[in-house]
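Here is how the chains run, residue by residue.
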Amino acid sequence: MSWQDYWTFNRSERRGIIVLLVFIFIFLILSHCIDYFDWTEKEDMSKYADFIANFEANINELDSNPDETRLNRYISEKYDTLQLFEFDPNTTSEADFIELGLTTKQIETITNYIDKGGRFYDPDDFRKMYGIRQKQYEYLEEYIRIEQKSTDKANYKKHDKKHDENVYPKNNVRAEIIHEIKPVDFDPNTITQQELMQMGLPDKVVENIINFRSKGGAFNSPDDMRKIYAVDSVLFAELAPYVKISVKKKERNIAKVELNSATYDELIAIRGIGKYFATEIIKFREKYSGIVNIDQLLEIYGMTDEKFAVIKEYVAANPDLAKRMDINKLTTSELLKHPYIDYAIASQIVAYRNKHGDFVRTEQLMETKILIKPVFDKIKYYLCVNCK
């Protein structure tokens, strides 16, 4: 077959080649001309002007305060998962505040405010509390139900700047007191409500002093009068020279509650311990097989140094009531059940026992370097040798 045979076509083949060339030519022409035609339908963009403006405004807001936006988003995500309920901030317990999504710091602020004689008269007073975020308040506002007392209407005041200027004018004359105060020597720990009123003190101040004492508060020095809500610098200056604190009040004996044997009701009755901490203390002593030192309360979530300083005056811990573990009998896995004992400690105890025989006394754990002294002092009351 010669090369000419490759270029020789019959009639059908020639017709097919011609048609193919025509299609190729048309395709090339269209590919060059199609850019000159506008095939899209004209869209009226003016109807999207408001949407675009709002979108740009939101972008600007995010750029100007990203932290605030993230915080609000966090609050929204948190409160979308909570089961909210009606509450009165004047009487709500710490445990209920936690269920309402408040942080430990916010709860402390509210508790301190109430302990000093403060009171919430309407939902807006709750919003003004330090630490309460606006977004958080928006979720809680509709659930706030404040029980009004008979004296609330007369004593209610809005504590904003304008009110303060009206009540305490610039010349420091107390417009609230329409008659002169007649102070005499008094002990704020023992003076009666009637005697306070006879001195000419405002009704609100008298009420707050009585409330402060009824909740376990005590005056240890004249400066403690500053704790009382509604006692301003002018009134304190008038009263301070007459405040005489009885020594006996400072030396009072307090009956302490033993943490290992106390019931739930006994724990709730302790000043500073509400439903939440009473429950957590019981959980802690069950998990750790007892409480051997009151300092262990600081390991409970939410227990601050300030709250512990109040509670520790009323509680005690008897280490003899703790349940002990026999280090000569328990396996590694059994020792690991105690939160203070990790795998390294448990395995070394068993390894030493297998190699050298039973322990004679618990102090050997420190002598053999299995435990350092601080750790041994922490867990020694949970350990024993050949105990029953």
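The rules we used
- Residues numbered from 1 in each chain as written.
- Predicted model: local features only at pLDDT ≥ 70, side-chain atom pairs only at ≥ 80, totals over all residues.
- Heavy atoms only, no water.
- Helix = DSSP H or I, 4+ residues; strand = E, 2+ residues; numbered from the N terminus.
- Buried < 20%, exposed > 50% of the residue type's maximum accessible area, 1.4 Å probe, protein only.
- Contact = heavy atoms within 4.5 Å.
- Areas by Shrake-Rupley, 256 points an atom, 1.4 Å probe, with all protein chains shown as cover.
- Polar contact = N/O pair within 3.5 Å; in protein donor to acceptor, adjacent residues only side chain to side chain.
- Disulfide = S-S within 2.5 Å.
- Salt bridge = Lys/Arg side-chain N within 4 Å of Asp/Glu carboxyl O.
- Patch = residues over 30% accessible without salt bridge, like charges linked within 9 Å, V, L, I, M, F, W, Y side chains within 5 Å.
- Expected span 1.5 Å × (residues − 1).
- Core = buried A, V, L, I, M, F, W, Y, C linked by side-chain atoms within 4.5 Å.
- Phe/Tyr/Trp six-rings, centres within 6.5 Å; stacked < 30°, edge-to-face > 60°.
- Lys NZ or Arg CZ within 6 Å of the ring centre and 35° of its normal.
- pLDDT = per-residue confidence, 0-100.

Right, let's get into the overall build of the protein. Within the protein one finds 20 helices and four strands. Taking all 388 residues of the protein together, 34% fall into the buried category. Pairs at least 24 apart in sequence give 59% of the contacts found in the protein among residues at least 6 apart. Surface exposure of the protein reaches about 25,300 Å², of which carbon and sulfur atoms provide 54%.

So, about the side chain of Glu258. Assignment of secondary structure puts Glu258 in strand S1 (residues 257-258). A distance of 2.8 Å separates a polar side-chain atom of Glu258 from the backbone nitrogen of Ser261. Not counting residues up to four positions away in its chain, the partners in contact with Glu258 are Ala316, Ala317, Asn318 and Leu321.

On to the state of the cysteines. According to the stated counting rule, one finds one disulfide in the structure shown. Two residues, Cys384 and Cys387, share a disulfide whose sulfurs are 1.6 Å apart.

This part covers the pattern of salt bridges. According to the stated counting rule, one finds ten salt bridges in the structure shown. The residue Glu86 makes a salt bridge to Arg145 at a minimum N-O spacing of 3.4 Å. Remark: Arg145 occurs in the loop between helix H7 (134-140) and helix H8 (152-155) and Glu86 occurs in the loop between helix H3 (66-79) and helix H4 (94-99); sequence separation between them is 59 residues. Arg145 sits in the partly exposed class, given a relative accessible area of 41%. Close ionic contact of Asp124 with Arg127 constitutes a salt bridge, the shortest N to O distance being 2.7 Å. Of the two residues, Asp124 and Arg127 both sit in helix H6 (residues 123-127), three residues apart, roughly one turn of that helix. Residue classification places Arg127 among the partly exposed positions, given a relative accessible area of 30%.

Here the focus is a nonpolar patch on the surface. Side chains of Phe9, Ile17, Leu20, Leu21, Ile24, Phe27 and Leu28 sit close together on the surface and give an oily, nonpolar patch of about 660 Å² of accessible area. If you trace the backbone, Ile17 turns up in helix H1 (residues 11-33).

Turning to helix H11 (residues 203-214), a few remarks are in order. Taking 1.5 Å of rise per residue, twelve residues should cover 16 Å, and H11 covers 17 Å from first to last C-alpha, within 8% of that figure. For H11, the complete set of buried residues consists of Lys204, Val205, Val206, Glu207, Asn208, Ile209 and Phe212. Phi for Gly216, located one or two positions after H11, is positive at around 95°.

The phi torsion at Ser289 lies on the positive side, around 65°, for a residue other than glycine. For Asn386, which is not glycine, the phi torsion reads 55° and is therefore positive. Among the structural elements, Asn386 can be located in the segment after strand S4 (383-384). Judged by relative accessible area, which is 47%, Asn386 ranks as partly exposed.

For the rest of this paragraph, the subject is the nonpolar core. One broad trend across soluble globular proteins is that nonpolar side chains are buried collectively. Counting 43 residues, the largest nonpolar core has Leu267 and Leu297 as its most contacted members. Only helix H15 (275-287), helix H16 (305-311), helix H18 (343-356) and helix H20 (373-379) provide two or more residues apiece to this core. If one sorts the elements of this core by residue count, H15 sits on top with six residues. With near-sequence residues (within four places) excluded, Leu297 lies in contact with Leu259, Ile281, Ile291, Met303, Phe308, Ile311 and Val315.

By the definition in use, this model includes eleven aromatic pairs. Following the ring pairs from residue to residue traces out a cluster consisting of Phe87, Phe97, Tyr113, Phe120 and Phe126. For the cation-ring pair, Arg119 lies above Tyr121, with the distance from its terminal atom to the ring centre recorded as 5.9 Å.

The pLDDT averaged across the protein works out to 79; a share of 80% of its residues lies at or above 70. Below pLDDT 50 for its whole length, residues 156-179 participates in 32 contacts with residues either more than four positions away or in separate chains.

What follows covers H15. When the terminal C-alpha atoms of H15 are compared, their 18 Å separation across 13 residues agrees well with the 18 Å that a helix rising 1.5 Å per residue should span. For H15, every residue scored as buried is listed here: Tyr276, Phe277, Ala278, Ile281, Ile282, Phe284 and Arg285. The inward-facing, buried residues of H15 abut H4, helix H14 (264-268) and H16. With its phi angle positive at about 65°, Ser289 sits one or two positions after the end of H15.

Attention now goes to the environment of Arg324. Inspection of the secondary structure assignment puts Arg324 in the loop between strand S2 (315-316) and strand S3 (325-326). Spatially, the C-alpha atom of Arg324 lies 4.4 Å from that of Tyr382, the residues being 58 residues apart in sequence. Excluding anything up to four places from it in sequence, Arg324 contacts Pro319, Lys380, Tyr381, Tyr382, Leu383 and Cys384. There is a polar contact of 3.5 Å between the side chain of Arg324 and the backbone oxygen of Leu383.

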